[in-house]
Amino acid sequence: MPIGGHLPALFAPRPPVYRPGAPRSGSLHGRPIGFAKEVPRAMQNTLRDRAIVEVRSRVLEACLMQSRLEDGMPLDVLVNDTLYHERKRLEIDRKSPTWAEDVAFWDGIKSRLGRSSEPEVKATLEQIIGRFTEEIRGNFNPTLYGVATRVLPRALPVLLNAMSPKRLLSRGLPDIADTVQIQGNVEGLRRMNELGTVILTPTHVSNLDSPVIGWAIYAMGLPAFTYGAGLNLFSNPVMSLFMRNLGAYRVDRQKTAPLYKDVLKEYATVSLELGEPNLFFPAGTRVRSGKIEQKLKLGLLSSGLRAYVNNLLTKKDKPNIYIVPCTLNYHLVLEAESLIEDHLQREGKAKYIILDDESTRARKILNFTQNLVNLEARITVHIGDPIDPFGNQVDPATGESVDRHGRSIDIRRYVTDRQGTPTHLPQRDRVYTADAGQAIAAEFLKHNVVVATQLVAFTLWETLRHRHRELDMYRLLRTGDEGSGTAITTLVQRVLKVYEALHDRAQRHLLHLEAGAVQSGDAARILETALRHFGTYHTRPVLVRRGDRVFCEDMKLLNYYSNRLRGYSLEKELEPLFKSEVA
Amino acid sequence: MAPSTPPASLGNGKAATAVVLGGGSWGTALAHLMAVAGVKVQLWMRSDDRVAEINEQHTNSRYLKDKKIHERVVATSDLRSAASFAETIIVAIPSANFRAVAFELGEVVSGDQILLSATKGFEAENLTRMSQILREETCCRKIGAISGPNLADEVMDNHPTATVIASPMEEVIEKAGLLLAGPTLRVYGNHDLVGVEVMGALKNIIAIAAGVCAGMGYGQNSLAMLLTRGLTEISRFGEALGADKLTALGLAGLGDLVATCASPLSRNNTLGRKLASGMTLTQAQADSIKVAEGVNTTFAATKHASRLGVDMPITRAVHALLFEEMKPIDVLTRLMSRANRYEHTEVPIDAPRMVDGSVVDTALSVAARARGW
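Just so we're clear, the structure is a prediction, and the values are computed from it rather than from any experiment.

### Side note on the pairing of strand E10 (residues 185-190) of chain B
Residue and element names in this part refer to chain B.
Then step 1. Pairing analysis gives six bridges linking strand E9 (residues 161-166) to E10, with the strands arranged parallel. Bridging from a neighbouring strand, Val-164 pairs with Tyr-188 of E10.
Then step 2. In terms of handedness, the path from E9 via helix H8 (residues 170-180) over to E10 forms a crossover that is right-handed.

### Thoughts on helix H14 (residues 293-308) of chain B
Then step 1. Between its terminal C-alpha atoms H14 of chain B stretches 22 Å, which fits the 22 Å expected from 16 residues at 1.5 Å a residue.
Then step 2. Among all positions in H14 of chain B, only Glu-293, Gly-294, Val-295, Thr-297, Thr-298, Ala-300, Ala-301, His-304 and Ala-305 of chain B are buried.

### Some thoughts on the interface of chain B and chain A
Then step 1. Listed by partner, the interface residues are 22 residues for chain B and 19 residues for chain A.
Then step 2. Buried area between chain B and chain A, both sides added, is near 1,800 Å², and the carbon and sulfur share of it is 45%.
Then step 3. When the buried area of chain B at its contact with chain A is split by residue, Asp-112, Arg-141 and Met-169 of chain B rank highest and sum to 31% of it.
Then step 4. At the junction of chain B with chain A, the criterion picks out four salt bridges.
Then step 5. One salt bridge in this structure joins Asp-435 of chain A and Arg-135 of chain B, with 3.7 Å as the shortest N-O distance.
Then step 6. Connecting chain B to chain A are twelve residue pairs in polar contact (both at pLDDT 80 or more).
Then step 7. Contributing elements (two or more residues each) for the side of chain B that touches chain A: helix H5 (95-106), helix H6 (130-137) and H8 of chain B.
Then step 8. By residue number, the principal contributor to the side of chain B that touches chain A is H6 of chain B, which donates three residues.
Then step 9. By residue class, the composition of the side of chain B that touches chain A is five nonpolar, six polar and eleven charged.

### Side note on the sheet that holds strand E7 (residues 379-383) of chain A
Residues and elements named next belong to chain A.
Then step 1. With mixed pairing, the seven strands of this open sheet are ordered in space as E1-E7-E6-E2-E5-E3-E4. If you trace the sheet from one side to the other, it starts and ends with strand E1 (180-184) and strand E4 (248-251), each paired once.
Then step 2. Sheet topology note: the strand E3 (residues 226-230)/E4 ladder contains four bridges and is parallel. If you follow Gly-228 over to E4, its bridge partner there is Tyr-249.
Then step 3. Contacting strand E2 (197-202) and strand E6 (321-329), helix H19 (residues 426-446) runs over the sheet at an angle of about 35° to E6.

### What to know about the packing of helix H2 (residues 45-67) of chain A against helix H14 (residues 258-273) of chain A
All names here are of chain A.
Then step 1. Running from N to C, H2 and H14 cross one another at 130°; their axes reach a closest spacing of 9 Å. Compared by their axis directions, H2 and H14 come out oblique. Crossing geometry of H2 relative to H14 is assigned as right-handed. Here Arg-48, Ala-51, Ile-52, Glu-54, Val-55, Arg-58, Val-59 and Cys-63 of H2 come into contact with H14, specifically with Leu-259, Asp-262, Val-263, Glu-266, Tyr-267, Thr-269, Val-270 and Glu-273.

### Concerning the nonpolar core
Then step 1. Among the nonpolar cores identified, the biggest contains 184 residues, and Ile-182, Leu-543 and Leu-558 of chain A are the most heavily contacted of them.
Then step 2. If sequence neighbours within four positions are ignored, Leu-558 of chain A has contacts with Ala-457, Leu-460, Trp-461, Leu-464, Val-542, Leu-543 and Cys-552 of chain A.

Parameters and conventions
- Numbering of residues starts from 1 in every chain and runs along the sequence as written.
- Lettering for chains starts from A, numbering for ligands starts from 1, and both go in the order in which the items are written.
- Per-residue local features of the predicted model are confined to residues with pLDDT of at least 70, and side-chain atom pairs are confined, for both listing and counting, to 80 or more; whole-chain, interface and lining totals are unaffected and use all residues.
- Processing note: side-chain calculations cover all non-hydrogen atoms of the structure and skip hydrogens and water entirely.
- Pairs of strands are assigned from DSSP output, requiring at least two bridges between the strands.
- Secondary structure elements are taken from DSSP: a helix is a run of H or I of four residues or more, a strand is a run of E of two residues or more, and numbering for both begins at the N terminus.
- Call a crossover right-handed when, viewed with both strands pointing away from you, the route from the first strand across the helix to the second goes clockwise.
- Under the convention used throughout, the expected extent of a helix is 1.5 Å for every residue step, that is, one less than its residue count.
- Only protein chains enter the accessibility calculation, which uses a 1.4 Å probe; a residue is then buried when its area is under 20% of its type maximum, exposed when over 50%, and partly exposed in between.
- By the convention used here, residues are in contact when the closest approach between their heavy atoms is within 4.5 Å.
- Throughout, the accessible surface (probe 1.4 Å) given up by two parts as they are put together, summed over both, is called the buried area.
- A carboxyl oxygen of Asp or Glu within 4 Å of a side-chain nitrogen of Lys or Arg is what we treat as a salt bridge.
- Polar contact is defined as a pair of N or O atoms within 3.5 Å, subject to the rule that within protein one atom must be able to donate a hydrogen and the other to accept it, and that residues adjacent in sequence are counted only when both atoms are side-chain atoms.
- Each residue is assigned to one of three groups, with Ala, Val, Leu, Ile, Met, Phe, Trp, Tyr, Cys and Pro labelled nonpolar, Asp, Glu, Lys and Arg labelled charged, and all others, Gly among them, labelled polar.
- Throughout, an axis means a line fitted to C-alpha atoms (over the contacting stretch in the case of helices), and angles, computed between N-to-C directions, take values from 0 to 180 degrees.
- When an angle is under 35 degrees it counts as roughly parallel; over 145 it counts as roughly antiparallel; between 65 and 115 it counts as roughly perpendicular; any other value is oblique.
- The sense of a crossing depends on the near helix, which, turned anticlockwise from the far helix by less than a right angle, makes the crossing left-handed and, turned clockwise, makes it right-handed.
- For the purposes of this section, nonpolar cores are sets of buried Ala, Val, Leu, Ile, Met, Phe, Trp, Tyr and Cys residues that join through side-chain atoms within 4.5 Å.

And the structure:
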């Protein structure tokens, strides 16, 4: 019998005292909207304290419960296992600001463990769980939140580095409201927030994603979302201040102890049960390759389903949890160079965590944001359609789940036994969560907004790939197009071909086209827009025009930007043109 | 006929129940099998005449001649009442009608019910598996498949055998296992739903080839070659679709392949024999009321093999036989005259290969070959 099956009463949370305020109404339609006078209520400190207490008692109960099972892990083994993972981490993670403190703590645990009685081991375990939760918990300050959201629009760069705001402001900064375009099923998202508790799941390419989505949530009139941000985002003091006050809690991805992951997951679960909307990046980390993430991390996602079952057990009047996928679409990606480098070096091997990249370098961020102004480029946030924790579509009007033929589904039946009692069955629930993951991945593809840089990069990459088809990909990345370039007329013709294929797919609701150059369908204008973007910001221009030819100066970045259009079978569309070239 | 046993229970004191959709030979045999083990079974089919025959005479003469069906099997043509009769529903409908029935089923089931496909085949267009159709057409998620060396006639005669219940969800395997396991059937579980379904479907192609082989009068050597190389190519196809390699060597792979290819009872095998005797596909099909799933599967697999980058020489040969009006002897000649290859890598024996690791070794090997050494 799985552990969860024993625990309905234990895992039953207390009834909530807090409900998010009704969301503000107001149409967006791509226009920036004014700021709310009142401070949207994010998860407040008292509520956080309650969540922490709940998480501690649940995780501790679970530890005790499983230790009593015949093949369960005895408490001292559990402590030892956690100790082992933490000491291993501390060997490598010497830069951690709390390194010395951590070492002292775990040394203490180690010296005590050998001669501890059972109650003492239990106390030690409580201490460990307490330490993990304390670190995870953030600190919400409503006043600061108000300041943050007012300053945020003009201070996007400030968020990302520790430069003096005065110096930054003197150089002309973009207003985020002009820079971020919000579109898609915004009404659906608002409605889901009224009918139940929302988990917003955006695509993840950049450290800019957090402030951008944070601002979008604010601009849509929604309360601040709870989300787990990587510790590296807190290492920058200004960023840290804002992150903690935008509803973020801290996640240390270097910590591999299973107990730590349990604590994290339970924190998300409890906050959902308390009615707090959550923000998960289901990719887990920034996508390195530039592709739209299709393999998602399901660990955190499963807390949505667990919270739903707990809500049923405590008979909440709004038990439903809704997952709303959304895509963040950039013409240029701040950290593209580091990300693709990492991807190419480590493809097929274990990923590592980038601690130092463009997003920690003040000058890069400044250049990046100034380009946003100069090019009038927009970051598009596209809100997708809601789904339930089982991966079914949800009717945005009623909040009811529907099958592929639009027939409504009683989703309680998925998790109740024949007598109608809700049950936790972790193995079953993993399968449901995998289904939800697939549905999110499909929504990502569907709500991807294609921009000019990606379209042109894709066309040129495929062209070069075909021209040098005898080379393997890594060789092509090194040698590039050997200085011969590609004639503009040829490229325009091919861009048009890819555009037509994209347009066809957009008609069939398989993706979206960006409202500017791409939607115009004017291939020359698409190419010109891409050239303008690619000529700026990156260390070397991705593409440059010389005379009537276009040259690629950075094959890795070309590959990176082209990858966003993988997964739509576009590759075959260019084949007829390649054939006629050979003839 | 096995002696009557009291109704089984699933541990909660209530009698165990199950529903089977499809009154063909396999659907009927499954219903009978569970009934023998004590489960109350409703068997759904469209034909009222056959419903009456099963309920009154306890036979299904169209598919199973005079074999007696257990009295605990109750036939019905009312899908709604059948669907509410039990938690677990086994769907044994030919692949061509599978989606239509699944859609109707979608109107009457709820999310707590378990659906199992007992059909071995694909939808040709997108290579859709039967469990995927159940997922697409209903709200159910507790979905799995049954497959293995289970020839319907032998099951009806209570010959001992084993079957695989595949599902990513252990709850499905556990509950279906309780219903199906009995004195003549052992149940094995497998998480690899893709592999179990793909093997179950693809082995029918090899079964047709085996029938042709036997029909041409060839003996055990030829059959063994066909089975072994056949298993290799279908397992490669399965892997390309995400199946586990080991599934091909299990009951749903090798087990089912051996049963289907060795038995003259198998419809795909029978079809192969007819083709060997000179009949065309149309003539051979007109000769039998039972659907040979292998025909449909050969078409689907051939269509998708090149997209998946899988070389399937035997499947191509069967395709040529079925749809391109090639003569068996010509197909055989073509197969036998393929380049000789290494068994695991498929590299032609006489093709020059790079020597890994050392440029000098590579240069020397190439030079040696050039001189004919």
